[in-house]
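Close look at the chain arrangement
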Amino acid sequence: METPEQMPQEKRRLNAWPLLFCVLPVVIAFALISLINRPASNVGNEPRANTATAADLGSRGMPVAAANRQTPAAGNSESAPPSNSAPMGEPESPAVAGVTEREIEIHIKNLKFAVQHNNAKGVTLETNWLRNAKPPELVARMLLAALEIESDATVRLAQYGCLPSSENREAWAFQTYDKSPGKFLGTDENYSQGEIPELSVYLNAIGRGQTREQDRISLVRAILQSQKPLWALEVLGANMADFRPWVYDGDIDEFLKSTRTELNVREQFVHEWARRFESQDKLIAAMGAPEFVQYWPALLKLLTDTWKDAPIFSASTRMLDAAKAAIAAGNDTALKSRIIEALGNCPFEGARLRDAVQAGMNAQGPNRGDYIVLWGRIAGASEELKRLTVVAGGTDSDAARAAINGLRQSRLKSADDELKDVLQHGANSGVKGDALAALLERNPQTRDLLVDEYLNEDKPASLRVVSVSYLSDNRLDKLKDLGENDPELRVREAAINRLGALKDKSLRTWFTRVSRSDPIPVLRQLAKKYAAELE
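Here the structure is a predicted model, which means the values were calculated and not measured.

1. As for the pattern of salt bridges
- Enumeration according to the criterion identifies 32 salt bridges in this entry.
- The closest approach of N and O atoms between R141 and E101, which form a salt bridge, is 2.9 Å. You can see R141 sitting in helix α7 (residues 136–149) and its partner E101 sitting in helix α5 (residues 101–116), a full 40 residues away along the chain.
- The exposure class of R141 is partly exposed, given its relative accessible area of 29%.
- Two residues, D518 and R492, come together in a salt bridge whose shortest N-O distance is 2.1 Å. Of this pair, D518 sits in the loop between α32 (508–517) and α33 (521–533) while R492 is found in helix α31 (residues 489–501), placing the two residues 26 residues apart along the sequence. An identical accessibility class is assigned to D518 and R492; each is buried.
- Connected through salt bridges with shared partners, the residues R102, E105 and K109 form a single ionic network.

2. Side note on the packing of helix α8 (residues 153–160) against helix α11 (residues 195–208)
- Between α8 and α11, whose axes approach to 8 Å, the crossing angle comes to 30°. Accordingly, the angle class assigned to the pair α8 and α11 is roughly parallel. The hand of the α8/α11 crossing is left-handed. Along its contact with α8, which presents A153, R156, L157 and Y160, the element α11 presents E195, P197, E198, V201, Y202 and A205.

3. Side note on the side chain of K336
- The topology assignment puts K336 in helix α21 (residues 333–343).
- Despite its burial, K336 pairs with no opposite charge, the nearest such side chain being D370 at 8.5 Å.
- Sequence-distant contacts of K336, that is, excluding residues within four places in its chain, are made with I327, G330 and N367.

Rules used in this analysis
- Residues numbered from 1 in each chain as written.
- Predicted model: local features only at pLDDT ≥ 70, side-chain atom pairs only at ≥ 80, totals over all residues.
- Heavy atoms only, no water.
- Salt bridge = Lys/Arg side-chain N within 4 Å of Asp/Glu carboxyl O.
- Helix = DSSP H or I, 4+ residues; strand = E, 2+ residues; numbered from the N terminus.
- Buried < 20%, exposed > 50% of the residue type's maximum accessible area, 1.4 Å probe, protein only.
- Axes fitted to C-alpha atoms, helices over the stretch in contact; angles between N-to-C directions.
- Parallel < 35°, antiparallel > 145°, perpendicular 65-115°, else oblique.
- Left-handed = near helix turned anticlockwise from the far one by under 90°.
- Contact = heavy atoms within 4.5 Å.
- Lys, Arg positive; Asp, Glu negative; His and termini not counted.

In structure tokens form, the structure reads like this:
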């Protein structure tokens, strides 16, 4: 039998086990912490498995881990203290600026996110970071890798814009061309969304490049000879200074003689064609050929006193006389109109140009109205504009409208007074409406005041209709009131049409009400149509 004295001793033995279970985990934890914090002499000298190597970055590249190590200061290599993370005798080095692959990867992803969410500020920030990040070789390698797998053309174009050197961009442009030559040559028309703007940038980079000259020549000649794709022709025409070494004169000659491509596209090549002539006389002689007469408007746009590219592009007396001869000899009224309009943009000697325009105004030919408009553009004094006011008050409605258009385009403030004179004394209501429209367009600061003035019920209905068309989009209440309550049917109809053009869904209820309650059937049908469009 156990004695009472033995029982307390046995209980103390049993209570020691829980204490052991509490202490043991703490001891193990301290041991693990000691192992983790133990310095490793060689860890600092071993690059990570995913760190770029010097071979990856080219002859000037170095591993990222090496780039982040420090270089010994000159003269201090022997006195530098030993480092725990480097072998004995190897000095510590100052930090070299650089980024890691992980940082570059994050910014490339941020750029894509910003592009896809139309975040212009984010695109700018990420683009600037990638363009300025060091080392550029590593940035270029990772951007090119991202371009390879990116399926969104808009994102690719943004990534391409971050490439740090022209050599990188040229290489990628040619790589894209090698992969899909048919898209550059027009034989493959299966473009994805955003791909044409992207390829346009690449084609321009190819033109500015310094390598693969024969490929450039072949590409440019193929585009000009086939006259497709259209986007590539537009890039060539807009950037001929870059493509000039790769273009043959004969190719441009044949391209300009052809009519397979739209005239406005062909006109972009006139400068490159014209600049090869040794003198202006030879250029004028060439322009006399039937296939080149159509390019007179484009040639006149190139004339300027300050042109440095070639002396043939000057607004000389010979050029003005040649343009006048082309107008007189031609039968194409539309072409003659374009030549006359282009004369107004050339810095010809003022008196000679005025003489030519007055002669055209006095002649009763089909292009008289074009000369009247040009007179308003070149007039240098208020007295010269009064001639247009007289024409606007005449019985020839076409000439009168041309006079109003000339006053609209005049650079003189006194043209406003002439337009007001037509409004007060003109006999033709249509011409007066054109004069009011011209006056409103020339005075955006006071437009609302003029609109309200000519919306008064004592004004002619034709002028009130013109005023409705110039009411601000924000004045919905005024437009609604005119559409429902104005005593003039024409004004009500104009107001309803003006509201319908806004495509404002909040107006659907108003249109529905008018379509049901208005007493005039024509206006009910008009309101019903706009209500249906807003459903």
